[in-house]
There are 2 protein chains.
Amino acid sequence: MDIAVIGGTGEEGFGLTLRLGKAGRHVIIGSRSEEKGAGAAAKAREILGGDASIDGTSNEKAAEAADVVFVTVPYAGQADIYRSIKDQVAPGKIVCDCTSPLATAVGGRAWHVIRPWHGSAAEQAKSILQKGVRMVAAFHTISGEALQDLDHVLESDVLVCGMDAEARATVGELIQDIPDLRWVDCGDLSSARISETMTALLVSVNRAYKIHDAGFRVTGRASWGKPPKTSA
Amino acid sequence: MDIAVIGGTGEEGFGLTLRLGKAGRHVIIGSRSEEKGAGAAAKAREILGGDASIDGTSNEKAAEAADVVFVTVPYAGQADIYRSIKDQVAPGKIVCDCTSPLATAVGGRAWHVIRPWHGSAAEQAKSILQKGVRMVAAFHTISGEALQDLDHVLESDVLVCGMDAEARATVGELIQDIPDLRWVDCGDLSSARISETMTALLVSVNRAYKIHDAGFRVTGRASWGKPPKTSA
């Protein structure tokens, strides 16, 4: 399974690339510029060493080559990025949006959010992509800084919302390959209207306690991952 | 310090009463009917035994007698309840709203929310009460069922938003008196726009995994409670 990380030169995208690469996955970093994408891939291979399988190219080529496409870009540029890769993401592919609609996108505060017209950033992305693309939303509660620091034990869980249970589980399997990281099935894509905003609450907590990587661990069950009996 | 729990005959309110009573606090249960309030208090004293200090009366009288007023009512009736206690809640008192604007209030689903005009249910409550009342919002991630079961170890943290740091810390001190329960300062009252909706996400998780008390534990720090240096 080939994975693309669109916006893979940014903090969160690069961190996700490192973690997935370390877990043995083939990751293609996408960037607005093919050179920057290739450069980030070289840097990732250098950090991971050994036989890490990381390539880098343009967003378009990365999206075309991959089976699962992660999109880790700031909300301000999110719609443009999706329009730019629309033709390369064929129906049936799984796209995992990691965007939080922080108010910084319009000059506001990182602990405030704005409300996308479609309800969530992920639903906005879905409205741009071709019909039949299987949209998932995740990673809003994971600090990009912590993802990049491979020695940092990831304590926060990944909340996964998505259009169908199988797509959520496919993304979930990639997540649980990353040591310490757990995923929790949070149901329909529209629930991203909630999970995306939780990033801003974590910013409030970080500010209050002067820390950098507050997160949320889901309680109520010993283990998470694929729910006992999944219904699409 | 006298504490009122408005709507204290409901699952969450009664559970909160039991936990606070067990921690040695004097709690006044408020109900629409004075008799029902008194009846619930008798039941609580019976459960707690010993010298538990629980009284019960009308919502109005409970609100008047208390220094800190918790309001645990469904969103459908929340505005009416606040109007009914408005005259009894003098400026300077602390009110902790525990309402989540679940779509069930208008016949919808418990895993969906509706958007109150003021941004959050807590801000709506603030708009109804007298100027100078110190509004706090908390307990949206704690299951009422779990609160009522005194043998149930509470794993979820209480996310506390509020108008000023001192009011948040006052509510926080009551929370940390309850064994196992931790509180996290989540900043301004407007952040309740996020924390209130997290109840609906927990309903999604409960549905997916067929459980009853999913919650959130905040990660990134060994302990929470009052932030190192609080700014109002």
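Nothing here was measured: the structure is a model prediction, and the numbers come from that model.

Asker: Any chance you could explain the sheet that holds strand β6 (residues 134-137) of chain A here in plain terms?
Answerer: Either a parallel or an antiparallel arrangement is found when strands of a sheet pair, and the pairing is made through backbone hydrogen bonds. All names here are of chain A. Spatially, the eight strands line up as an open sheet ordered β3-β2-β1-β4-β5-β6-β7-β8, and their pairing is mixed. At either margin of the open sheet sits one strand with a lone partner, and together these are β3 (54-58) and β8 (183-185). The mean angle between the axes of side-by-side strands here comes to 25 degrees, regardless of whether they run parallel or antiparallel. For strand β1 (residues 2-6) and strand β4 (residues 68-71), the ladder comprises four bridges, and the chain directions are parallel. Counted as the bridge partner of Val5 is Phe70 from β4. Packing of helix α2 (residues 34-48) onto the sheet brings it into contact with β2 (26-31) and β3, and relative to β3 it is tilted by some 165 degrees.

Asker: Mind showing me how you'd approach the packing of helix α4 (residues 75-85) of chain B against helix α5 (residues 121-128) of chain B here?
Answerer: Residue and element names in this part refer to chain B. Across the interface, α4 lies against α5 with an axial gap of 9 Å and an inter-helix angle of 20 degrees. Judged on the interaxial angle alone, α5 and α4 are roughly parallel. The handedness of the crossing between α4 and α5 is right-handed. Contacts between α4 and α5 involve Tyr75, Gln78, Ala79, Tyr82 and Arg83 from the former and Ala121, Ala122, Gln124, Ala125 and Ile128 from the latter. Its residues assigned to classes, the contact of α4 with α5 comprises seven nonpolar, two polar and one charged.

Asker: Mind showing me how you'd approach the pairing of strand β3 (residues 54-58) of chain B here?
Answerer: A regular strand places its side chains on the two faces of the sheet in alternate fashion. All names here are of chain B. Looking at chain direction, strand β2 (residues 26-31) and β3 are connected through five bridges and run parallel. Paired with Gly30 across the strands is Thr57, a residue of β3. Viewed along the sheet, the connection from β2 through helix α2 (residues 34-48) into β3 turns out right-handed.

Asker: How do you make sense of the relation of the copies chain B and chain A when you look at a structure like this?
Answerer: Here two copies of a chain appear, and what relates them is a rotation about an axis with a shift along it. For the match of chain B to chain A, the screw axis carries a shift of 0.0 Å, the RMSD comes to 0.0 Å, and the turn is 180 degrees. These values place the two chain copies in the arrangement generated by a two-fold rotation axis. For chain B, the smallest separation between a C-alpha atom and the rotation axis is recorded for B:Arg217, amounting to 2.5 Å. Counting the interface residues of chain B, we find that 100% of their copies in chain A are interface residues as well, pointing to one common contact surface.

Asker: Help me understand the pairing of strand β1 (residues 2-6) of chain B, please; the structure alone is not making it clear to me.
Answerer: Within β1(B), four of the five residues are buried, which leaves it mostly tucked inside the rest of the structure. What joins β1(B) to β2(B) is helix α1 (residues 11-22) of chain B, and the crossover it makes is right-handed.

Asker: Would you explain the sheet that holds strand β7 (residues 158-162) of chain B in this entry?
Answerer: As summarised here, the arrangement of the eight strands in space is β3-β2-β1-β4-β5-β6-β7-β8 (chain B), forming an open sheet in which the pairing is mixed. Bordering the open sheet on either side are β3 and β8 (183-185) of chain B, each of which pairs with just one other strand. Shown here is a sheet whose adjacent strand axes are inclined to one another by a mean of 25 degrees, direction ignored. Judged from the four bridges that link them, strand β5 (residues 94-97) of chain B and strand β6 (residues 134-137) of chain B form a sheet pairing that is parallel. When the sheet's bridge partners are listed, B:Ile94 is paired in β6(B) with B:Arg134. Lying over the sheet, helix α9 (residues 198-209) of chain A contacts β7 and β8 of chain B, oriented at roughly 85 degrees with respect to β8(B). The strands touched by helix α7 (residues 165-176) of chain B are β1, β4 (68-71), β5, β6, β7 and β8 of chain B; relative to β8(B), the strand with the most contacts, the crossing angle is about 170 degrees.

Asker: Please clarify how α5(B) should be interpreted in this entry.
Answerer: All names here are of chain B. The element α5 is largely enclosed, with a buried count of six among its eight residues. Taken residue by residue, α5 has Ala121, Ala122, Glu123, Gln124, Ala125 and Ile128 as its buried positions. Each element contacted by the buried residues of α5 is listed here: α4, β5, β6 and α8 (192-195).

Asker: Honestly, the layout of surface pockets in this entry has me stumped. Any pointers?
Answerer: In this approach a probe as big as a water molecule rolls over the atoms, and the regions it shows empty are the leftover space. Approximately 880 Å³ is the volume attributed to the largest pocket. In terms of lining, the largest pocket is formed by 39 residues, of which the most central are A:Glu11, A:Glu12, A:Leu102, A:Gly144 and A:Thr199. Partitioned by chemical class, the residues of the lining of the largest pocket number 13 nonpolar, 20 polar and six charged. By volume, the second largest pocket is sized at about 650 Å³. In this structure, the second largest pocket is lined by 28 residues; those nearest its centre are B:Glu12, B:Leu102, B:Ile142, B:Gly144 and B:Thr199. At the level of elements, α1, α4, α6 (144-148) and α9 (198-209) of chain B are the ones that each hand at least two residues to the lining of the second largest pocket.

Asker: Explain the packing of aromatic side chains to me, please; I cannot follow it from the model alone.
Answerer: We describe a pair of aromatic rings using the distance from one ring centre to the other and the angle between the two ring planes. Counted according to the given criterion, the structure contains five aromatic pairs over all chains. The interplanar angle of 90 degrees and the centroid separation of 4.8 Å between the aromatic rings of A:Trp224 and B:Tyr209 together place this pair among those described as edge-to-face. With A:Trp224 in the segment after β9 (215-219) and B:Tyr209 in helix α9, this pair bridges two chains. A single burial state applies to A:Trp224 and to B:Tyr209, both of which are buried. Residue placement shows A:Lys43 over the ring face of A:Phe14; its charged tip is 4.8 Å from the ring centre. One residue, A:Arg207, lies across the ring of A:Trp111, its end atom 3.5 Å from the ring centre.

Asker: Just to check I follow, could you spell out helix α7 (residues 165-176) of chain A for this structure?
Answerer: The periodicity of an α-helix, 3.6 residues per turn, causes residues three or four positions apart to be oriented the same way. Residues and elements named next belong to chain A. Taking 1.5 Å of rise per residue, twelve residues should cover 16 Å, and α7 covers 16 Å from first to last C-alpha, within 8% of that figure. For α7, a buried count of nine out of twelve residues is recorded, marking the element as mostly surrounded by other parts of the structure. For α7, the complete set of buried residues consists of Ala165, Ala167, Arg168, Ala169, Thr170, Val171, Gly172, Leu174 and Ile175.

Asker: Quick question: what am I supposed to make of a negative patch on the surface here?
Answerer: Residue and element names in this part refer to chain A. Together, Glu11, Glu145, Asp149 and Asp151 line one region of the surface with negative charge. Within the secondary structure layout, Asp151 lies in the loop between α6 (144-148) and β7 (158-162). Residue class for Asp151 comes out exposed when judged on its relative accessible area of 73%.

So, how was this worked out
- Residues numbered from 1 in each chain as written.
- Chains lettered and ligands numbered in written order.
- Predicted model: local features only at pLDDT ≥ 70, side-chain atom pairs only at ≥ 80, totals over all residues.
- Heavy atoms only, no water.
- Pairing = 2+ DSSP bridges.
- Helix = DSSP H or I, 4+ residues; strand = E, 2+ residues; numbered from the N terminus.
- Axes fitted to C-alpha atoms, helices over the stretch in contact; angles between N-to-C directions.
- Contact = heavy atoms within 4.5 Å.
- Parallel < 35°, antiparallel > 145°, perpendicular 65-115°, else oblique.
- Left-handed = near helix turned anticlockwise from the far one by under 90°.
- Nonpolar A, V, L, I, M, F, W, Y, C, P; charged D, E, K, R; others polar.
- Right-handed = clockwise from strand over helix to strand, strands pointing away.
- Least-squares fit on C-alpha atoms with pLDDT ≥ 70 in both.
- Buried < 20%, exposed > 50% of the residue type's maximum accessible area, 1.4 Å probe, protein only.
- 1 Å grid on protein atoms, 1.4 Å probe; cavity = no way out; pocket = protein on both sides within 12 Å on 5 of 7 lines; lining within 4 Å.
- Points joined across faces, edges and corners; volume = space filled by probe spheres on them.
- Phe/Tyr/Trp six-rings, centres within 6.5 Å; stacked < 30°, edge-to-face > 60°.
- Lys NZ or Arg CZ within 6 Å of the ring centre and 35° of its normal.
- Expected span 1.5 Å × (residues − 1).
- Patch = residues over 30% accessible without salt bridge, like charges linked within 9 Å, V, L, I, M, F, W, Y side chains within 5 Å.
- Areas by Shrake-Rupley, 256 points an atom, 1.4 Å probe, with all protein chains shown as cover.
- Salt bridge = Lys/Arg side-chain N within 4 Å of Asp/Glu carboxyl O.
- Lys, Arg positive; Asp, Glu negative; His and termini not counted.
- Charge placed at Lys NZ, Arg CZ, Asp CG, Glu CD.

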